[in-house]
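Given next are the chains, with one letter for each unit.
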Amino acid sequence: MRFYTEQHRYYCGIDLHTKTMYICIIDADGTILCHENAPVNDVILLDIIEPYLPDIVICVECIFTWYWIADFCEERDIPFVLGHALYMKAIHGSKTKSDKIDSQKIAKLLQAKMLPMAYVYPRGLRSTRDLLRRRIHLTQKKAELLAHIQNTKSQYNLPGFEKSISYKANRKTVVSHFDDPSVQQMIHCDVSLIDHYDVLLQQVELYILKHAKAHRPQDLYLLQTIPGVGKILALVMLYEIHDINRFERVQHFTSYSRLVKPTKESAGKIKRGGGKKMGNAFLKWAFSEAVLLMLRESEEVKELHNQLKNRYGKPRALAILSHKLGRAVYYMLKNKQAFNVKMFVNEKTKAKEKTLVNEKAKTAVAVGSTSN
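Values in this document were obtained by computation on a predicted structure and should not be read as measured data.

Thoughts on the overall build of the chain
And step 1. When helices and strands are tallied, the chain shows 14 helices and seven strands.
And step 2. Radius of gyration (C-alpha) of the chain: 26 Å, far over the 21 Å computed for a compact globule of 372 residues.
And step 3. Long-range contacts, defined as pairs at least 24 residues apart, comprise 60% of the intrachain contacts of the chain with a sequence gap of at least 6.
And step 4. Of the roughly 21,700 Å² of accessible surface on the chain, 52% is carried by carbon and sulfur atoms.
And step 5. Charged side chains of the chain number 56 positive and 38 negative; the gap between the two group centres comes to 8 Å.

What follows is the structure, given as structure tokens:
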């Protein structure tokens, strides 16, 4: 958890909604200078904060409407802080709640240097990241329809389809697979929607491949060295991570990616659960998807998965592989190295290679000193 610790003369907390915003401005001593409700409008916001410029900082919670205020502050060189909504709720949660109280608490947390920060994603890359997220949503909806067809087949105890219905050419006889006219109509609706999703997904993917700004082309190439990971999935990872250097440690990155389960300890007792929504759900999905693709493409990873599955069960085995992949991606992007299957499968290999490199370095130094 990171806190905003910069010192300013004035602190502005805004409880932001789609149509209204409650604004609270306090000074360095905590005295309330402005506390009013206003319609969402950049001109009105500028009029309210203008007497306190230039030494003012503005903060809003991380909800879906924060984009325009971040852009507003960037254009006018005003410090902007994005508050982590879940952490803030844990800190300032109270019995009584209103927009007026929330705006004041945001300003107070800023002034007390106790406001937990969320990451302010760069303005120029937000739209592409959101489009990639929308593609994930469309893909999941298509998968739900395919699953419904399979479930309906099982519901009526019918024989399996000869070929995978994920492909359009294999869905031509799906409706006739069922006898009941009402069921046929239901499956026809599913197939029609799946065909429409196929067209939409193809259009979206072509647009992304044509217009997506590879802001870190080397990182994009490195991510595609993971077995089974194509350009679209690599772009999802790249845009969700943005800059790996914003994570100081690999533990911070795996936690942000929801690859580790949170624990709560008190009086020597450890309790699991809670805090599952903290982190990036899209990175979690990307790593889970990448592991399944790796199992198709790499025999070494498949063998490791079988070993883990026999020991821990299938769900936990996949979770372990997702965590290992998250750690591997962190070091790949940090060290600018391609994916190494042997190092991924066997962690001892990494230690052996380090030892070998050190021995070679010592040998080179010894040879150099002898020649001198």
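Description of the state of the cysteines
And step 1. Tallying each qualifying case throughout the model produces zero disulfides.
And step 2. No disulfide involves Cys 24; its sulfur sits 7.7 Å from that of Cys 34, the nearest cysteine.
And step 3. Overall, Cys 24 belongs to the buried group, its relative accessible area being 0%.
And step 4. With no disulfide of its own, Cys 34 lies closest to Cys 12 among cysteine sulfurs, the gap being 7.6 Å.

With respect to the sheet that holds strand S1 (residues 10–16)
And step 1. Taken together, the five strands give an open sheet; going across it, the order is S3-S2-S1-S4-S5, and neighbouring strands pair in mixed fashion. In this open sheet, the two strands that pair with only one neighbour each are strand S3 (32–39) and strand S5 (80–83). The average undirected angle you get between the axes of adjacent strands in this sheet is 20°.
And step 2. The sheet strands contacting helix H2 (residues 67–75) are S1, strand S2 (20–27), strand S4 (56–61) and S5, and the helix crosses S4 at an angle near 165°.
And step 3. Along the sheet, helix H4 (residues 99–111) contacts S1, S2, S3, S4 and S5; its crossing angle with S1, the most-contacted strand, is approximately 145°.

Focus on the side chain of Ser 322
And step 1. Along the chain, Ser 322 turns up in helix H12 (residues 314–335).
And step 2. According to the relative accessible area criterion, Ser 322 is buried, its value standing at 4%.
And step 3. If we skip the residues at most four places from it in the chain, Ser 322 touches Leu 259, Phe 287, Ser 288 and Val 291.

So, the confidence of the model for the chain
And step 1. Across the chain, the average pLDDT comes to 89, with 90% of residues at 70 or higher.
And step 2. Below a pLDDT of 50 lies the segment residues 359–372, which in the model reaches zero contacts outside its immediate sequence neighbourhood of four places, other chains included.

Let's talk about the packing of aromatic side chains
And step 1. Applying the stated criterion across every chain, the model contains ten aromatic pairs.
And step 2. Centroid distance Phe 253 to Phe 287: 6.1 Å. Interplanar angle 90°. Geometry classified as edge-to-face. Of this pair, Phe 253 sits in helix H9 (residues 250–256) while Phe 287 sits in helix H10 (residues 281–297), and the two are 34 residues apart along the sequence.
And step 3. Overall, the relative accessible area of 0% leaves Phe 287 in the buried class.
And step 4. Among the aromatic residues, those joined into a cluster by ring pairs are Phe 247, Phe 253, Tyr 256, Phe 287, Tyr 330 and Tyr 331.

Quick notes on the pattern of salt bridges
Pairing of side chains with opposite charge becomes possible as their charged atoms draw close.
And step 1. If you walk through the whole model with that rule in mind, you get 15 salt bridges.
And step 2. Residue Asp 102 is joined to Lys 97 by a salt bridge in which the shortest nitrogen-to-oxygen separation is 2.8 Å.
And step 3. Judged by relative accessible area, Asp 102 falls into the buried class, the value being 8%.
And step 4. Looking at Lys 97, the relative accessible area reads 62%, which means it is exposed.
And step 5. Lys 336 is paired through a salt bridge with Asp 219; the nearest N and O atoms lie 2.7 Å apart. Taken together, the residues Lys 336 in the loop between H12 and helix H13 (341–345) and Asp 219 in helix H7 (residues 217–223) connect sequence positions 117 residues apart.
And step 6. When its relative accessible area of 37% is taken as the criterion, Lys 336 is described as partly exposed.
And step 7. Taking the relative accessible area as the measure of exposure, Asp 219 reaches 4% and is therefore buried.
And step 8. Salt bridges sharing partners connect three or more residues here, namely Asp 71, Glu 75, Arg 76, Arg 123 and Arg 126.

Structural notes on the pairing of S1
And step 1. Burial runs high along S1: seven of the seven residues are buried.
And step 2. Residues Tyr 10, Cys 12, Ile 14 and Leu 16 point to one face of S1 and Tyr 11, Gly 13 and Asp 15 to the other, with burial holding for every one of them.
And step 3. When S1 meets S2, the two strands line up antiparallel, connected through seven bridges. Paired with Tyr 11 across the two strands is Ile 26, which belongs to S2.
And step 4. Here S1 folds back onto S2, and the loop between the two strands holds three residues.
And step 5. Here five bridges tie S1 to S4, and the two strands are oriented parallel to one another. Each residue of the ladder has a partner; that of Ile 14, found in S4, is Val 60.

Rules of the game
- Residues numbered from 1 in each chain as written.
- Predicted model: local features only at pLDDT ≥ 70, side-chain atom pairs only at ≥ 80, totals over all residues.
- Heavy atoms only, no water.
- Helix = DSSP H or I, 4+ residues; strand = E, 2+ residues; numbered from the N terminus.
- Rg over C-alpha atoms; globule rule 2.2 N^0.38 Å.
- Contact = heavy atoms within 4.5 Å.
- Areas by Shrake-Rupley, 256 points an atom, 1.4 Å probe, with all protein chains shown as cover.
- Lys, Arg positive; Asp, Glu negative; His and termini not counted.
- Charge placed at Lys NZ, Arg CZ, Asp CG, Glu CD.
- Disulfide = S-S within 2.5 Å.
- Buried < 20%, exposed > 50% of the residue type's maximum accessible area, 1.4 Å probe, protein only.
- Pairing = 2+ DSSP bridges.
- Axes fitted to C-alpha atoms, helices over the stretch in contact; angles between N-to-C directions.
- pLDDT = per-residue confidence, 0-100.
- Phe/Tyr/Trp six-rings, centres within 6.5 Å; stacked < 30°, edge-to-face > 60°.
- Salt bridge = Lys/Arg side-chain N within 4 Å of Asp/Glu carboxyl O.

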